[in-house]
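Okay, here's what each chain looks like letter by letter:
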Amino acid sequence: MYTYPLWLVLFFILPLALLWGFNYRRLKQHAGVLGLTVIGCLIISVPWDILSVQDHIWYFRQPQIVGVWLLGLPIEEYFYIACMSLLACTVTILLWERYGKEQ
């Protein structure tokens, strides 16, 4: 029951919390980029997901989701898009800070 929210917590929220907990000072300097990344991913992905659900390319069913829908998508899908983009951007920034800058 509610496997989608559980999956989000285990594989996105927990890693994000750990990464941000240990690297808050470095990551807060990039808050604008992180925010724009999340917004951009939502703008691109939400219409794509809505069309995919309407065309039965993929679907969401109870009891895997909580059941709260917004614009044709379960609320978990919005969290997935936001968390996935935030996690990818966070990891990219941390790797760039550590290995990408010229010494």
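Residues numbered from 1 in each chain as written. Predicted model: local features only at pLDDT ≥ 70, side-chain atom pairs only at ≥ 80, totals over all residues. Heavy atoms only, no water.

Topic: the overall build of the protein
For step 1, the next point in the chain: Helix and strand counts for the protein stand at three helices and two strands.
For step 2, the next point in the chain: The N-to-C order of helical and strand elements in the protein reads α-α-β-β-α.
For step 3, the next point in the chain: Structurally, the protein occupies a C-alpha span of about 50 × 25 × 20 Å along its principal axes.
For step 4, the next point in the chain: Counting only residues that meet the buried cut, the protein has 30% of its 103 residues in that class.
For step 5, the next point in the chain: A total accessible area of about 7,200 Å² is found for the protein, and carbon and sulfur atoms account for 70% of it.
For step 6, the next point in the chain: Between the averaged position of the 6 positive side-chain charges in the protein and that of its 6 negative side-chain charges there is a distance of 17 Å. (Helix = DSSP H or I, 4+ residues; strand = E, 2+ residues; numbered from the N terminus. Buried < 20%, exposed > 50% of the residue type's maximum accessible area, 1.4 Å probe, protein only. Areas by Shrake-Rupley, 256 points an atom, 1.4 Å probe, with all protein chains shown as cover. Lys, Arg positive; Asp, Glu negative; His and termini not counted. Charge placed at Lys NZ, Arg CZ, Asp CG, Glu CD.)

Some points on the packing of aromatic side chains
For step 1, the next point in the chain: This model, assessed by the stated rule, comprises eight aromatic pairs.
For step 2, the next point in the chain: Between W7 and F12 the ring centres are 5.3 Å apart and the planes differ by 70°, which places this aromatic pair in the edge-to-face class.
For step 3, the next point in the chain: Exposure remark for F12: the relative accessible area of 6% places this residue in the buried category.
For step 4, the next point in the chain: Here the aromatic cluster, defined as three or more aromatic residues joined through ring pairs, consists of Y4, W7, F11, F12, F60, W69 and Y80. (Phe/Tyr/Trp six-rings, centres within 6.5 Å; stacked < 30°, edge-to-face > 60°.)

Regarding helix α1 (residues 3-28)
For step 1, the next point in the chain: In this model, α1 (26 residues) spans only 31 Å end to end at C-alpha, well below the 38 Å of a helix rising 1.5 Å per residue.
For step 2, the next point in the chain: Taken together, the buried positions of α1 are Y4, L8, F12, L16, N23 and L27. (Expected span 1.5 Å × (residues − 1).)

Section: the state of the cysteines
For step 1, the next point in the chain: Going through the model one piece at a time under the given rule, you end up with zero disulfides.
For step 2, the next point in the chain: As a non-bridged cysteine, C41 has C89 as the owner of its nearest cysteine sulfur, 8.4 Å distant.
For step 3, the next point in the chain: Assessed through its relative accessible area of 11%, C89 is described here as buried. (Disulfide = S-S within 2.5 Å.)

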